[in-house]
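# An overview of the molecular structure
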Amino acid sequence: MNISILSIFPGVFTDFLAVSMIGKAVEDGILTVNLINIRDYAHDKHKTTDDYPYGGGPGMIMKPEPLYEAIQDVRRDREIPVIYFTPQGRLLHQSIINAYSESTELILLCGHYKEIDQRIRDLLITDEISIGDYVLSGGELPAMIFVDAVTRLLPGVLNDLESALSDSHQTGLLGCPHYTRPPEFMGIKVPDVLLSGNHEKIASWRRQKALEITRKNRPDLLKDE
Ligand code: ADE
């Protein structure tokens, strides 16, 4: 998968793309990331990318020209999804990640200041995504969250795809508790069923625990059950 990320702070992605699962995906050529500095498309010598809003009010607006040129430079008339991260977008969910993990190419736009000029949305943006009902200073963290969640679904990234498919939210429920060695820690024993070797019983215990945790922490997910 090839992802182009447009930002006025592309440097914040460097470590993120170099370590752990993402670093390995990049090293293995499964993920290629093209970092684009929107300032490189600014027209004046101060590299201005924002301006005052028409109609007045607080906050600055990202100017349309640098955004338009930066996106078009990547798209070159091809039909590539252009995702803009904004608190006004649809709420990110695992199902959205699953769908985008099938793409070969994506463009991610990280906003800053109050908003981007509406005409960029009208002309070029194909999807708007929010990572939650709170406001961040920019779209870089949402873009990292998106890239992380998509990358772990790409073939060859996780050793165990089955593990990804049993994650919280893939099954419609939150995940169950997990244990590793030692069998007893600070007086707390690993539940006997997990040591029993009985796969049917283990699966049923995990589902029961997943239901309990979902009921406690996210009862909204059980509304349709
Ligand atoms: N930019 C600022 N806040 C955001 C949010 N909650 N989700 C996505 N992009 C954002």
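Small disclaimer: the values here were computed from a predicted structure and weren't measured.

## A look at the packing of helix α2 (residues 20-27) against helix α6 (residues 140-151)
Where α2 meets α6, the axes come as close as 10 Å, and the angle between the chain directions of the two elements is 65 degrees. Accordingly, the angle class assigned to the pair α2 and α6 is roughly perpendicular. Crossing geometry of α2 relative to α6 is assigned as left-handed. Contacts from Met21, Ile22 and Ala25 in α2 reach Val147, Asp148 and Thr151 in α6. Residues belonging to the contact of α2 with α6 are distributed by class as follows: four nonpolar, one polar and one charged.

## Notes on the domain arrangement of the protein
Here the protein is described as being made up of domain 1 (2-151) and domain 2 (168-222). Computed from C-alpha coordinates alone, the two centres of domain 1 and domain 2 are separated by 37 Å.

## What about the site of the ligand?
Lining the immediate environment of the ligand, one finds Phe85, Thr86, Pro87, Ile129, Ser130, Ile131, Gly132, Tyr134, Val135, Leu136, Gly138 and Pro142. One nitrogen or oxygen atom from the main chain of Leu136 is found 3.0 Å from a nitrogen atom belonging to the ligand. For the shell around the ligand, the secondary-structure elements that each account for two or more residues are β5 (82-91) and β8 (127-130). For the shell around the ligand, the leading source of residues is β5, giving three residues.

## Some points on the layout of surface pockets
Considering only enclosed or pocket space, the largest pocket measures out at about 340 Å³ in volume. Around the largest pocket, the lining is made up of 14 residues, and of these Ser166, Asp167, Thr171, Cys176 and Arg206 lie nearest the centre. Those elements giving two or more residues to the lining of the largest pocket turn out to be α7 (161-165) and α9 (199-217). It is α9 that provides the largest number of residues to the lining of the largest pocket, a total of three residues.

Thresholds, definitions, all that
- Residues numbered from 1 in each chain as written.
- Predicted model: local features only at pLDDT ≥ 70, side-chain atom pairs only at ≥ 80, totals over all residues.
- Heavy atoms only, no water.
- Axes fitted to C-alpha atoms, helices over the stretch in contact; angles between N-to-C directions.
- Helix = DSSP H or I, 4+ residues; strand = E, 2+ residues; numbered from the N terminus.
- Parallel < 35°, antiparallel > 145°, perpendicular 65-115°, else oblique.
- Left-handed = near helix turned anticlockwise from the far one by under 90°.
- Contact = heavy atoms within 4.5 Å.
- Nonpolar A, V, L, I, M, F, W, Y, C, P; charged D, E, K, R; others polar.
- Domains from an automatic or database assignment.
- Near = heavy atom within 4 Å.
- Polar contact = N/O pair within 3.5 Å; in protein donor to acceptor, adjacent residues only side chain to side chain.
- 1 Å grid on protein atoms, 1.4 Å probe; cavity = no way out; pocket = protein on both sides within 12 Å on 5 of 7 lines; lining within 4 Å.
- Points joined across faces, edges and corners; volume = space filled by probe spheres on them.

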